[in-house]
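Read off the chains here:
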Amino acid sequence: MTHVMPEVADGWRRIVGGRKSCRGFTHDELPDEVLLEVFTLAQRSASWCNAQPWSVALASGQARLRLAKSLDAAYGSRSPVWDIEPPMDYLDVHQERRQAAGALLYRATGVPREDMAGRVEQMRRIFEFFGAPHVAVISVAEDLGAYALVDVGAYLATVLWTAEALGVAAIAQAAPARHSDLLREVLDIAPRQRVVGCIALGYPDPAHPANQFRTDRADPDEVLRVHSA
C-alpha cells in the first residue's frame with residue numbers, strides 16, 4: 001500500500017486548483033534556470049513505450065518577436081496550413097462549454113457581442129502570445145501515429161502543471177498552429193515534425209482584464225462512469 005504524504009497531496013491540490021490559463025503577461029523574461037527546470041521536469045511525462053515523441057522549439061527575445069510578427073502578418077491574409085486537422089465543429093455540451101468560455105473572456109475584456117472589431121483584436125492577441133516573453137512550439141514525429149498525439153497531450157499538461165508549481169504563468173495555444181508552415185520556417189522545425197501547438201510562458205500581469213476570470217469544470221458525474229459489478 002502506497003504511503004500518502006499529506007503535505008504532498010495538499011501541495012498537488014493547490015497546484016491543480018490554482019492553475020489557470022494566463023492571457024496577459026508582463027514583459028519580464030523568466031530566468032534561464034527556471035525555464036530549464038520546467039522542461040526538465042516535464043520530460044518525466046508518461047508516453048507510449050517511453051517513446052517521448054514530442055519536440056520543443058523554445059523562442060525568446062528576437063526569435064519570439066519574429067514569430068509573432070510572421071503570425072500577425074498572416075492573420076486574415078492567407079489560408080490556414082494545419083499539420084493536424086482541427087475540429088470542424090463543436091457540438092452539444094462541447095459547444096456549450098466553448099461558448100461559455102468565450103463569453104467570460106469577452107465580458108472580462110469589455111468586448112460586447114456585437115463588437116466584431118473588438119473580437120478580431122482580441123483574436124490577434126493570440127498570435128502575439130498574449131505578450132508572453134517565451135513561447136514553446138510543440139511538434140511530434142509524423143511517423144508515430146495517433147498514440148503519439150495522446151503522449152503529446154500528456155506532455156503539454158505536464159508542462160502546465162510544472163509551470164504552475166514553479167510560479168510560472170502559462171497558456172496552451174492551438175490557434176498559432178493554423179500557420180504551421182510559418183512556425184516551421186521561423187524556428188527551423190524539421191519537415192517530418194507535425195506542429196501540434198504552443199505554450200506561452202512568463203509572469204502574469206494580475207491587472208490585465210483577461211486575467212480576471214476563470215472557466216469552470218464539469219462535475220465528475222458528468223464524465224465518470226463507474227462499473228463495479
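Everything quoted here is computed from the prediction, not taken from an experiment. (Residues numbered from 1 in each chain as written. Predicted model: local features only at pLDDT ≥ 70, side-chain atom pairs only at ≥ 80, totals over all residues. Heavy atoms only, no water.)

**Things to note about a nonpolar patch on the surface**
Logical step 1: Taken together, the side chains of W48, Y147 and V150 present a nonpolar region at the surface, about 360 Å² in accessible area.
Logical step 2: Within the fold, V150 resides in helix α6 (residues 146-165).
Logical step 3: For V150, a relative accessible area of 52% puts it in the exposed group. (Patch = residues over 30% accessible without salt bridge, like charges linked within 9 Å, V, L, I, M, F, W, Y side chains within 5 Å. Areas by Shrake-Rupley, 256 points an atom, 1.4 Å probe, with all protein chains shown as cover. Salt bridge = Lys/Arg side-chain N within 4 Å of Asp/Glu carboxyl O. Helix = DSSP H or I, 4+ residues; strand = E, 2+ residues; numbered from the N terminus. Buried < 20%, exposed > 50% of the residue type's maximum accessible area, 1.4 Å probe, protein only.)

**Considerations on the packing of aromatic side chains**
Think of a pair of aromatic rings as described by two things: how far the centres are apart, and how the planes are tilted against each other in angle.
Logical step 1: This model, assessed by the stated rule, comprises four aromatic pairs.
Logical step 2: On the basis of an interplanar angle of 20 degrees and a centroid distance of 4.4 Å, the ring pair of W48 and Y147 is categorised as stacked. Residue W48 is found in the loop between α2 (32-42) and β1 (54-60), and its partner Y147 is found in helix α6; the two are separated by 99 residues along the sequence.
Logical step 3: Sitting over the ring of W161, R19 keeps its end group 5.6 Å from the ring centre.
Logical step 4: One Lys or Arg, R119, reaches over the ring of Y106 and ends 4.2 Å from the middle of that ring. (Phe/Tyr/Trp six-rings, centres within 6.5 Å; stacked < 30°, edge-to-face > 60°. Lys NZ or Arg CZ within 6 Å of the ring centre and 35° of its normal.)

**Observations concerning the layout of surface pockets**
Logical step 1: Taken as a whole, the second largest pocket encloses approximately 180 Å³ of empty space.
Logical step 2: As for the second largest pocket, its lining consists of 13 residues, of which K20, C22, E164, A169 and P204 are closest to the centre.
Logical step 3: At the level of elements, α6 and β3 (169-173) are the ones that each hand at least two residues to the lining of the second largest pocket.
Logical step 4: Its residues assigned to classes, the lining of the second largest pocket shows seven nonpolar, three polar and three charged. (1 Å grid on protein atoms, 1.4 Å probe; cavity = no way out; pocket = protein on both sides within 12 Å on 5 of 7 lines; lining within 4 Å. Points joined across faces, edges and corners; volume = space filled by probe spheres on them. Nonpolar A, V, L, I, M, F, W, Y, C, P; charged D, E, K, R; others polar.)

**Some remarks on the sheet that holds β1**
Paired through their backbone hydrogen bonds, the strands of a sheet run either parallel or antiparallel.
Logical step 1: Read from one edge of the open sheet, four strands run β1-β2-β4-β3, paired in antiparallel fashion. The two strands at the open ends of the sheet, each matched to only one other strand, are β1 and β3. The average undirected angle you get between the axes of adjacent strands in this sheet is 25 degrees.
Logical step 2: The pairing of β1 with strand β2 (residues 134-141) spans seven bridges and is antiparallel. Bridge pairing links V56 to I138 in β2.
Logical step 3: Strands in contact with helix α3 (residues 61-74) are β1 and β2; relative to β1, the strand with the most contacts, it is inclined by about 100 degrees. (Pairing = 2+ DSSP bridges. Axes fitted to C-alpha atoms, helices over the stretch in contact; angles between N-to-C directions. Contact = heavy atoms within 4.5 Å.)

**Here we look at unusual backbone geometry**
Logical step 1: Even without glycine at this site, Q52 takes up a positive phi of about 45 degrees.
Logical step 2: Relative to the elements of secondary structure, Q52 occurs in the loop between α2 and β1.
Logical step 3: A relative accessible area of 29% means that Q52 is categorised as partly exposed.
Logical step 4: Phi angles above zero are rare outside glycine, and F130 is one such case at about 55 degrees.
Logical step 5: Within the element layout of this structure, F130 appears in the loop between α5 (116-126) and β2.
Logical step 6: Given a relative accessible area of 5%, F130 falls into the buried group.

**Points about the pattern of salt bridges**
Logical step 1: Taken as a whole and assessed by the stated rule, the structure comprises seven salt bridges.
Logical step 2: One salt bridge connects R124 with D72, and the closest N-O pair in it is separated by 3.0 Å. Placement of R124 in helix α5 and of D72 in helix α3 is noted, with a sequence separation of 52 residues between them.
Logical step 3: Relative accessible area serves as the criterion here: at 27%, R124 is assigned to the partly exposed category.

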